[in-house]
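Here is how the chains run, residue by residue.
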Amino acid sequence: MSAEADNLRRVKLAPSILSCDFAHLADELGAIAGADWAHLDVMDGAFVPNISFGLPILAAARRTSNLPLDVHLMIERPERHLKDFAAAGADSLTVHVESTPHIHRAVQQIRELGKRAGVTLNPGTPLEAVRPVLNDVDVVLIMSVNPGFGGQKFIPASLERIRTLRRWLDEAGSDAELQVDGGVSSTNARAVVSAGATVLVAGSAVFGKDGARAGLERLREALK
Ligand code: DX5
Ligand code: ZN
């Protein structure tokens, strides 16, 4: 099997519940039970313009799903809340370099809590900003839209950023996951994986009109 076919087969899918029907959270999580991780977007109305959800929804998801819960914190000074998110059931916690002057400390704290540590950055932030912590994280997340809302268009320049980060991780001998979030769909999933991604987040492409099972299946088909 070629390296590319192997990557396509092995890529993890992480549906973002931001686009789900929260009145039926348990059913929605059930519909994505065949995914690899569930992605939870926490927004505080300060770091990003939107407010989404926080600890009670994470705790509810924990009670109803066996999937690893991948929490993307779009909040100012996330280090104030890491312990609470870990206690509420997060398996991985991803923090933005722009959200704290102490990104290295935040990453260390996540590791000390025994959780998978992720770092991420906005599309307008130079990639260099994550380089100093590459050896300290389990996940690097490339945002391929400006964070804050589901259903936005994939920013094409993200592909080059994914390729560069892929090279840096390989050079460092890092086996950190390279996750991509924003505007990922069955039309661009292959290109995103070919550029070097190992985890795809998808919200609106999964929780579409015909239900999350069909959405997830479409994404998997596109990677065959
Ligand atoms: C955007 C969030 C994403 C969002 C993705 O700020 O971080 O996880 O839910 O949604 P889609 O896949 O619809 O772009
Ligand atoms: Zn996200």
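Below you will find a few notes about this structure.

1. What to know about the site of ligand 1
Phase 1: Around ligand 1 sit 20 residues, and of these D41, G148, D181, G203 and S204 come closest.
Phase 2: Between S204 and ligand 1, the recorded distance is 2.5 Å, taken from a side-chain N or O atom to an oxygen atom.
Phase 3: Top element by residues in the shell around ligand 1 is strand β2 (residues 38-43). It accounts for three residues.
Phase 4: Here the residues of the shell around ligand 1 are counted per class, giving eight nonpolar, 10 polar and two charged.

2. What to know about the pairing of strand β3 (residues 69-74)
Phase 1: When you tally the buried positions in β3, you get six out of six residues, the bulk of the element.
Phase 2: Taking every second residue as pointing to the same face, both faces of β3 are buried, with L69, V71 and L73 on one and D70, H72 and M74 on the other.
Phase 3: For the crossover from β2 across helix α3 (residues 55-64) to β3, the handedness is right-handed.
Phase 4: Two strands pair when backbone bridges link them, and β3 and strand β4 (residues 92-96) are joined in this way by four bridges, in the parallel orientation. Within β4, the position partnered with L73 by the bridge is V95.

3. Quick look at the environment of R77
Phase 1: With respect to the helices, strands and loops of the structure, R77 is situated in the loop between β3 and α4 (82-87).
Phase 2: R77 sits 23 residues away from T100 along the chain, and the two C-alpha atoms are 5.0 Å apart.
Phase 3: Every residue in contact with R77, bar those within four places of it in the chain, is listed here: S99, T100 and P101.
Phase 4: A distance of 2.9 Å separates polar atoms of two side chains, one belonging to R77 and the other to E79.

4. Quick notes on the pattern of salt bridges
Phase 1: Here the structure, examined in full by the defined rule, presents 13 salt bridges.
Phase 2: Put simply, E177 and K12 hold a salt bridge, and the shortest N to O gap is 2.7 Å. In this pair, E177 is assigned in strand β7 (residues 177-181) and K12 in strand β1 (residues 12-15), connecting sequence segments 165 residues apart.
Phase 3: A relative accessible area of 26% means that K12 is categorised as partly exposed.

5. So, the packing of aromatic side chains
Phase 1: Tallying each qualifying case throughout the model produces one aromatic pair.
Phase 2: For the ring pair F22 and F53, a centre distance of 5.5 Å and an interplane angle of 55 degrees mean the geometry is tilted. Linking F22 in the loop between β1 and α2 (25-31) with F53 in the loop between β2 and α3, this pair joins segments that are 31 residues apart in sequence.
Phase 3: Judged by its relative accessible area of 33%, F22 is partly exposed.
Phase 4: Look at F53 and you get buried, because its relative accessible area is 10%.

6. Points about the coordination of the zinc ion (ligand 2)
Phase 1: The protein atoms that coordinate the zinc ion (ligand 2) are H39 (NE2), D41 (OD), H72 (ND1) and D181 (OD), at distances spanning 2.0 to 2.3 Å.
Phase 2: Spacing between the donor residues of the zinc ion (ligand 2) along their common chain follows H-x1-D-x30-H-x108-D. Side by side, H39 and D41 carry an identical accessibility label, which is buried.

7. Focus: helix α8 (residues 212-222)
Phase 1: Listing the buried residues of α8 in full gives A212, G215, L216, L219 and A222. Looking straight down α8, one finds its buried side chains confined to an arc of 125 degrees; they lie on one side.
Phase 2: Of the surrounding elements, those touching the buried residues of α8 are β1, α2, α7 (189-194) and β8 (199-202).

8. Overview of the pairing of β7
Phase 1: Within β7, five of the five residues are buried, which leaves it mostly tucked inside the rest of the structure.
Phase 2: Residues E177, Q179 and D181 of β7 are buried on one face, and the alternating residues L178 and V180, pointing to the opposite face, are buried as well.
Phase 3: With five bridges joining them, strand β6 (residues 139-143) and β7 adopt parallel strand pairing. Counted as the bridge partner of L141 is Q179 from β7.
Phase 4: Traced from β6 through helix α6 (residues 158-171) to β7, the parallel crossover comes out right-handed.
Phase 5: Two elements, β7 and β8, share three bridges in a ladder whose sense is parallel. Counterpart to Q179 in the pairing with β8 is V199.
Phase 6: Regarding topology, α7 serves as the crossover connection from β7 to the parallel β8, and that connection is right-handed.

Rules behind the numbers
- Every residue gets a number counted from 1 within its own chain, in the order that chain's sequence is written.
- Working convention: letters from A go to chains and numbers from 1 go to ligands, in the order in which they are written.
- Only residues with pLDDT of at least 70 are given local features in this predicted model, and only at 80 or more are side-chain atom pairs given and counted; all residues enter the totals for whole chains, interfaces and linings.
- Neither water nor hydrogens contribute to the side-chain values; these are computed over all heavy atoms in the structure.
- Being near a molecule or strand, for a residue, means having at least one of its heavy atoms within 4 Å of it.
- Polar contacts here mean pairs of N or O atoms no more than 3.5 Å apart (in protein, one a potential hydrogen donor and the other a potential acceptor; neighbouring residues in sequence count only if both atoms are side-chain atoms).
- Secondary structure counts use DSSP, requiring at least four H or I residues in a row for a helix and at least two E residues in a row for a strand, with both numbered from the N terminus.
- Here the term charged refers only to Asp, Glu, Lys and Arg, the term nonpolar to Ala, Val, Leu, Ile, Met, Phe, Trp, Tyr, Cys and Pro, and the term polar to all other amino acids, Gly among them.
- When accessible area is computed with a 1.4 Å probe and restricted to protein chains, residues below 20% of their type maximum are described as buried, those above 50% as exposed, and intermediate ones as partly exposed.
- Whether a crossover is right-handed comes down to one check: with the strands pointing away from the viewer, does the path from the first strand over the helix to the second run clockwise; if it does, it is right-handed.
- A pair of strands is treated as paired once DSSP finds two or more bridges between them.
- The contact rule is simple, with two residues in contact once any of their heavy atoms fall within 4.5 Å.
- Whenever a carboxyl oxygen of Asp or Glu lies within 4 Å of a side-chain nitrogen of Lys or Arg, that contact is scored as a salt bridge.
- Centre distance within 6.5 Å is the pairing criterion for rings of Phe, Tyr and Trp, where only the six-membered ring of Trp is used; planes under 30 degrees apart are then read as stacked, over 60 as edge-to-face, and the remainder as tilted.
- Donor atoms (N, O, S) are those found within 2.8 Å of the metal centre, with the cutoff raised to 3.2 Å for Na, K and Ca; water is not part of the atom list, so apparent gaps in a site can occur.
- Within this analysis, the arc is defined by the directions that extend from the helix axis to the C-beta atoms.

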